[in-house]
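Residue-level listing of the chains:
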Amino acid sequence: MDVYSVEYASPKSPNLKERKLRADDYAVHGDFVDFTTTEGTKVFSVRADAVVTITKEAGSASP
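Residues numbered from 1 in each chain as written. Predicted model: local features only at pLDDT ≥ 70, side-chain atom pairs only at ≥ 80, totals over all residues. Heavy atoms only, no water.

1. Describing the environment of L21
Piece 1. Looking at the element boundaries, L21 is found in strand β2 (residues 13-23).
Piece 2. Among the residues examined, L21 registers a relative accessible area of 6% and is labelled buried.
Piece 3. Put simply, L21 and V46 are 25 residues apart on the chain and 12 Å apart in space, counted from C-alpha to C-alpha.
Piece 4. If near-sequence neighbours (up to four positions away) are discounted, L21 is found in contact with D2, V3, Y4, V6, F35, V43 and F44. (Helix = DSSP H or I, 4+ residues; strand = E, 2+ residues; numbered from the N terminus. Buried < 20%, exposed > 50% of the residue type's maximum accessible area, 1.4 Å probe, protein only. Contact = heavy atoms within 4.5 Å.)

In structure tokens, the structure reads:
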């Protein structure tokens, strides 16, 4: 699994939020960006228009 850092805006707060999570992949599905495992389990979902940056942490893949 890889470690991703997601920076996003929240409609309820003017400050940006950051979340680090472990996932195998992410994809845009309609209005949302979904982070999933290889088995298809959803780890995190965020509105696509709220995302500011998605960063894959260096050396995050595990054997």
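2. Overview of the sheet that holds strand β3 (residues 25-29)
Piece 1. Read from one edge of the open sheet, three strands run β3-β4-β5, paired in antiparallel fashion. Each edge of the sheet is formed by a strand with only one pairing partner; in this case those strands are β3 and β5 (42-47). Averaged over all neighbouring strand pairs, the angle between strand axes comes to 20°, with direction disregarded. (Pairing = 2+ DSSP bridges. Axes fitted to C-alpha atoms, helices over the stretch in contact; angles between N-to-C directions.)

3. Observations regarding the nonpolar core
Piece 1. In terms of nonpolar packing, the biggest core is built from ten residues, these being Y4, V6, Y8, L21, A23, V33, F35, F44, V46 and A50.
Piece 2. Tallying contributions element by element places strand β1 (residues 2-10) first for this core, with three residues.
Piece 3. Not counting the four nearest positions on each side in its chain, F35 is found in contact with Y4, V6, L21, A23, D25, Y26, T41, K42, V43, F44 and I54. (Core = buried A, V, L, I, M, F, W, Y, C linked by side-chain atoms within 4.5 Å.)

4. A short note on the pairing of β3
Piece 1. In terms of strand pairing, β3 meets strand β4 (residues 32-36) through five bridges, oriented antiparallel. If you follow Y26 over to β4, its bridge partner there is F35.
Piece 2. The antiparallel pairing of β3 with β4 creates a hairpin that spans two residues between the two strands, and G30 there sits at a positive phi of about 65°.

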